[in-house]
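# Notes for the structure review
What follows is the residue order along each chain.
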Amino acid sequence: MTDSKYFTTTKKGEIFELKAELNSDKKEKKKEAVKKVIASMTVGKDVSALFPDVVNCMQTDNLELKKLVYLYLMNYAKSQPDMAIMAVNTFVKDCEDPNPLIRALAVRTMGCIRVDKITEYLCEPLRKCLKDEDPYVRKTAAVCVAKLHDINAQLVEDQGFLDTLKDLISDSNPMVVANAVAALSEIAESHPNSNLLDLNPQTINKLLTALNECTEWGQIFILDCLANYTPRDDRESQSICERVTPRLSHANSAVVLSAVKVLMKFMEMLPKDLDYYGTLLKKLAPPLVTLLSAEPELQYVALRNINLIVQKRPEILKHEMKVFFVKYNDPIYVKLEKLDIMIRLASQANIAQVLAELKEYATEVDVDFVRKAVRAIGRCAIKVEQSAERCVSTLLDLIQTKVNYVVQEAIVVIKDIFRKYPNKYESVIATLCENLDSLDEPEARAAMIWIVGEYAERIDNADELLESFLEGFHDESTQVQLQLLTAIVKLFLKKPTETQELVQQVLSLATQDSDNPDLRDRGYIYWRLLSTDPVAAKEVVLAEKPLISEETDLIEPTLLDELICHIGTLASVYHKPPSAFVEGSRGVQHKRLPARAGSGESAESPEVGQSGTSEAPPAVIPSQGDLLGDLLNLDLAPATTTVPSVQPSMQMGAMDLLGGGLDSLPGVSHRTEMQSPQPSSDYSERELGGDIGGSPSMGAALGAPAAMPAALSNAPAVGGGLGDLFDLGGGVGMPTGFYVAPKTLFLPAMKAKGLEISGTFARRGGIIQMDLSLTNKAMSVMTDFAIQFNRNSFGLAPAGPLQVLTPLTPNQTIDVSLPLGTTGPVMKMEPLNNLQVAVKNNIDVFYFSCQYPLSLLFVEDGKMERQVFLATWKDIPNDNEAQFQIKDVHLNSDAASNKLQGSNIFTIAKRTVDAQDMLYQSIKLTNGIWVLAEMRVQTGNPNYTVNRNKESCQ
Amino acid sequence: MIHSLFLINNVGDLFLEKHWKSVISRSVCDYFFEAREKAGEPDNVPPVIRTPHHYLINIYRDKIFFVSVIQTEVPPLFVIEFLHRVAETFQDYFGECSETTIKENMVIVYELLEEMLDNGFPLATESNILKELIRPPNILRTMVNTITGSSNVGETLPTGQLSTIPWRRAGVKYTNNEAYFDVVEEIDAILDKSGTTVFAEIQGVIDACVKLSGMPDLTLSFMNPRLLDDVSFHPCVRYKRWESERVISFIPPDGNFQLMSYHISAQNLVAIPVYVKQNISFFESGSSGRLDITVSPKQTMGKVVECVVVTIHMPKVVLSASLNATQGTYKYDPLTKILVWDIGKLNPQNTQKQPNLKGSLSLQSGAPKPEENPSLNIDLKIQQLAISGLKVNRLDMYGEKYKPFKGVKYVTKAGKFQVRT
């Protein structure tokens, strides 16, 4: 007798039949009926009509029947909330049952019923169960808190369940500890800054103890939690590593990988000369290798992670090349990953083996795999110089097979090899030319054309070859057309006599017959170059090309470090930071590897490691967002006196402002002083040094008029602007121009297919300019740049096109200044000075966001009449006033005022009271908002006090 | 954590769904079907599939796709391990894990899934505990249940759930106390055309069947524990003692379990028990090819190599094979293009007449010569030998008074053993 009989009744009257059976007096019949109901439910039939009848069966001593009814309830309670209330009493009663299994079952099921009314009744039983004498009930209750949090987070916080849950981390039973950790981790994911898992050496110790005794799944939770901890020093780090290493021998691969994560992270802190460091490295290899003998799905995830580990610490697996050899019946996704790792591990020592393997793979059936194998040969040639010759001959062998796609791939990689080793392997060109006709893919055709053009002087019939391509010019893809145009121009420059006709033909095809703007522009440029100055044309077109770099697909180091902290997660599978894709992870914390002890950079305190900003765009100052909350509180407080608790950060901000500039003053070095008094500093040293204009503290001091709520968020941004001004770049006492921050990275090359953009903002002669440096880190030429801004708070918009006239060749950097207007469309941004930019080139469109200093918007006519100033100053309510200090400025008031004037902060009046200079200043923003400030300068005391008021004038 | 599970058979029918949190519509599986379509072979479906709102992590076992849906950042290995555990539990409960058996036992399946995960957190995955909570079906029990009206759900809290040895229940009693260990080694190897080893390693496991009363504490020691440098243990094994004394000390679970697995890597010399000489060639003209394979024993440590089977995936253009085998039988399936030569035993004495398979292959006329060379897959078995040379020294029992019956068996098999041509 099997359950399949429950599926046999599919007639129409089924529901009625079941109803009758459910209400039967006989226990056995009831149970059979419930089973039938469950069976229908599992296959997706709607049996919700039976709700009251099934719930009636709940009051029973039979555990199986009870479980089945619970199963049913969980499925349908949501659709019948009123009916579900009927079940509440039984639940509450069951939570008092002497049998712990029933208590646990009741609390567990209640948590799964996602009906608000029921959750209210759940609180009391849950509180009891969290303190139950039986650990089985406690561990079930721990998970229930996570469930409840998912339904009603506020309720969980109000009822204090989170604290109870935290207490459970110290429970005597390891299973309870593991579940508490799991529940807290899940809750913490939706509260990134809640600091729920407050890890300290005591809790860590408890977790490590529980680690040895809990189930395999519990071990995963605990290890993942441990990975978030930052040890105080290398000794603590080592002792944790020692206690985690046994997990490497666990049969469950997820436990192994989580342990690897902890070790990889904590290893960072160990000094490299330590014996233990070497031991640990050795211990890591075998478990990673073992993961590769598991099921293919596990292998895949393991391989993705090994890919990261190999990039971070190639020494771990350098002798294990062979385990990555591909077996013909591996699934394709495993094959491709293995190939990737083989190339990463390729070195002079093992290159012969690797090449033999790759050649073998190139004869396999799977086209994708074969292509990748051929490419891999090329990458080996580029990576291991000694092997280049061997690789080239292998590629030639493969070309001889005449297998179409193999030949095409081979030609594409040979082009790269030519780029890496110029004037070395050109003898093979003849062989390549033989296969000209078989090339039907754009990439291969383009590569071949590039080769012909580049080496036109050595190919006797280069003109014929290129001419043959030219016949079908219109049918070619853009890539091939562009390449053909360039190649023919190269040919012409090398052999001008015979090819005049050809070049004219291609130029007219490109400029007159083509609709493609890229092609047309390039055509025109060549045309003009050739017609005006052939010598210059030669210099431009035949310029020596920079060598291509060894490995083009390495993960950018900071991202790699972050991914190492996320080993074993989805992020590691996709090789993207979690913030980039995980839904529901509001403001994922950026994890960083801990700093090695004794290295130049002092180890960051744990808080620093955890407190990265959410979604930081490239040029954001990390602490700004964090402090914003405090600042606003300050602003809203009725009294404007400085609140002591904010003091440290304010001081810090002020020091930052003066950091860069003062350093350049002869004989003045405040570096050391500036570093010292910052217990709660969120800045790392690097950040301090640079343009920390956006000092949040300054913003703190800005009053926000109640009438202008929008201006609230203005505070830190304006502070940023002022901060920059104080970064006194020039000589003392001279009226200097607008302060220009050093360029910061806006768009890393990794995110933009090789285009790297850094830049800054400046105000020159009343015109706002965005200075950009565009660097091409890809292997191909970039052209056709254009720029556009999203709507932003002050209506900034480009006042002209992006002036990039020449194509950007690989490794070249171009500096451009883009004039900006303030008449673009306005939309309030968060933060206020955020600017979203789109840059287009021939490859793609890229987006980034950056922040401009507010001082950019201080207009030249910001000098207020004295009378007006006085009147306005009085009118501004006290609430709008804020105050802060700038420390360690060794300037007298005149010098400071001079400097500020350079940035359009005008001193209206100066007054001297009790050896203090009071400067009254005004600033006007492009959108007509006025800011008034009072600056107190005490002679001999390097601290400034600034009171600021603000108001808006329409 | 794990949100939902869908079971899909290999023709694409969704036949079971289970949600541990809120219900997620089946339509999420469309992304899976899309990936499935793209992959061609069911084996090639990528294990992690990204959809706009969820991630689908799937495994393919016994012709069933286990597709789990997750919504937050969860370690994928954790999910994959869990899915395999589900498949193993079905296998354990119903003898096989197939669509038919799952459908036949739908209610138990549902109860099991409910017991294995709570809100996406694993709850009870140890087979011992599960069996106490939900009794596996068998004919006798079904009969008893029908007559007495009792159920197959345990009424009491499983004893192992909370002790520090969750894998063992208390109060085990046997009339015959016995402990058997099987040392099973599989050779994974790739040999190249000339017979040289490109890569070879040994994957070993020690499977145990322990039926001992009470709370026995066992210690297993090896003659040559140094062979083992890369091991994974069942959670019951005390790792500290392995590290310090190189003995395996443990309180065993009741019944069948895998005590440990180990891996002897390519650096150590791995003995290759057979030698394969092969020549497969296709002619440019005449739509034909030749095949000539000889298999002979190599390093067998004096043992007989049994159950030798050679499997070849022929290129698509091979229509039929007309061959002659001096030993065993061969079969060519023109549909799947698989040639199987079942040789049987290799006789170590008769070195003159080694098994040979020879003859011609006929290709589709007019088709070009196949580009790829087929690889040979070898299956074999050697009884009474662990090819790595691993030997169990002794098994001691503490904590109980009775004298158990002990036994150790060795067997070597071919794992992924491939010969390239």
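Scroll up a little and you will see the structure.
A brief structural summary. (Residues numbered from 1 in each chain as written. Chains lettered and ligands numbered in written order. Predicted model: local features only at pLDDT ≥ 70, side-chain atom pairs only at ≥ 80, totals over all residues. Heavy atoms only, no water.)

Looking now at the interface of chain B and chain A. The accessible area lost on association of the parts is a frequent measure of interface size. On the side of chain A, 103 residues touch chain B, which itself brings 101 residues to the contact. Both faces considered, chain B and chain A share a buried interface measuring about 8600 Å² in area, 58% of it formed by carbon and sulfur atoms. Applying the counting rule to chain B against chain A returns 10 salt bridges. Notably, a salt bridge pairs Lys-416 of chain B with Asp-330 of chain A, separated by 3.5 Å at the nearest N-O pair. A total of 8 residues in the side of chain B that touches chain A trace back to one element, the largest contributor, which is helix H2 (residues 76–94) of chain B. Of the residues belonging to the side of chain B that touches chain A, the class tally is 42 nonpolar, 31 polar and 28 charged. (Contact = heavy atoms within 4.5 Å. Buried area = accessible area lost by both parts, 1.4 Å probe. Salt bridge = Lys/Arg side-chain N within 4 Å of Asp/Glu carboxyl O. Helix = DSSP H or I, 4+ residues; strand = E, 2+ residues; numbered from the N terminus. Nonpolar A, V, L, I, M, F, W, Y, C, P; charged D, E, K, R; others polar.)

Now for the sheet that holds strand E15 (residues 288–297) of chain B. Residue and element names in this part refer to chain B. An order of E14-E15-E20-E17 is seen for the 4 strands of this open sheet, with the pairing classed as antiparallel. Of all strands in the sheet, those with a lone pairing partner are strand E14 (274–282) and strand E17 (318–325), marking the two edges. Going across the sheet, the axis of each strand differs from the next one's by a mean of 15°, ignoring polarity. As defined by bridge partners, E14 adjoins E15 across 9 bridges and the pair is classed as antiparallel. (Pairing = 2+ DSSP bridges. Axes fitted to C-alpha atoms, helices over the stretch in contact; angles between N-to-C directions.)

On inspection of all chains with the given rule, the structure shows 0 disulfides over all chains. Between Cys-95 of chain A, a free cysteine, and Cys-129 of chain A, which holds the nearest cysteine sulfur, the sulfur-to-sulfur gap is 4.7 Å. (Disulfide = S-S within 2.5 Å.)

Counted under the stated rule, the structure contains 26 aromatic pairs over all chains. On the basis of an interplanar angle of 80° and a centroid distance of 5.7 Å, the ring pair of Phe-221 of chain A and Phe-121 of chain B is categorised as edge-to-face. With Phe-221 of chain A in helix H13 (residues 216–226) and Phe-121 of chain B in strand E7 (residues 121–122), this residue pair bridges two chains. Residue class for Phe-221 of chain A comes out buried when judged on its relative accessible area of 8%. Using a relative accessible area of 1% as the deciding quantity, one classes Phe-121 of chain B as buried. Put simply, the rings of Trp-217 and Phe-221 of chain A together with Phe-78, Phe-82 and Phe-121 of chain B pair up and form one aromatic cluster. Positioned above the aromatic ring of Phe-369 of chain A is the side chain of Lys-335 of chain A, whose terminal nitrogen or guanidinium carbon lies 5.2 Å from the ring centre. When the ring centre of Tyr-574 of chain A is taken as origin, the NZ or CZ atom of Arg-50 of chain B, which lies over that ring, is 5.7 Å away. (Phe/Tyr/Trp six-rings, centres within 6.5 Å; stacked < 30°, edge-to-face > 60°. Buried < 20%, exposed > 50% of the residue type's maximum accessible area, 1.4 Å probe, protein only. Lys NZ or Arg CZ within 6 Å of the ring centre and 35° of its normal.)

So, on to the packing of helix H2 (residues 27–42) of chain A against helix H4 (residues 106–116) of chain B. Relative to each other, H2 of chain A and H4 of chain B sit at 75°, their axes nearing to 9 Å. With respect to each other, H2 of chain A and H4 of chain B are oriented roughly perpendicular. For the pair formed by H2 of chain A and H4 of chain B, the contact residues are Lys-35, Ile-38, Ala-39, Met-41 and Thr-42 of chain A on the first element and Met-106, Val-107 and Tyr-110 of chain B on the second. (Parallel < 35°, antiparallel > 145°, perpendicular 65-115°, else oblique.)

This paragraph deals with the environment of Glu-441 of chain A. Residue and element names in this part refer to chain A. One can find Glu-441 in the loop between helix H23 (429–434) and helix H24 (442–454). Given the relative accessible area of 23%, Glu-441 is considered partly exposed. Taking the C-alpha atoms as reference, Glu-441 lies 7.3 Å from Gln-408; in sequence the two are 33 residues apart. Beyond its immediate stretch of four places on either side in the chain, Glu-441 contacts Arg-371 and Gln-408. At a separation of 2.5 Å, a polar atom in the side chain of Glu-441 contacts the side chain of Arg-371. (Polar contact = N/O pair within 3.5 Å; in protein donor to acceptor, adjacent residues only side chain to side chain.)

All names here are of chain A. The element strand E11 (residues 916–924) is extensively covered by neighbouring structure, given that 8 of its 9 residues are classed as buried. Where strand E10 (residues 906–913) and E11 come together, 7 bridges link them in antiparallel fashion. In the sheet register, Arg-911 faces E11, and the bridge partner there is Met-918. With 9 bridges joining them, E11 and strand E12 (residues 929–938) adopt antiparallel strand pairing. Bridge pairing in E12 links Leu-919 to Met-935.

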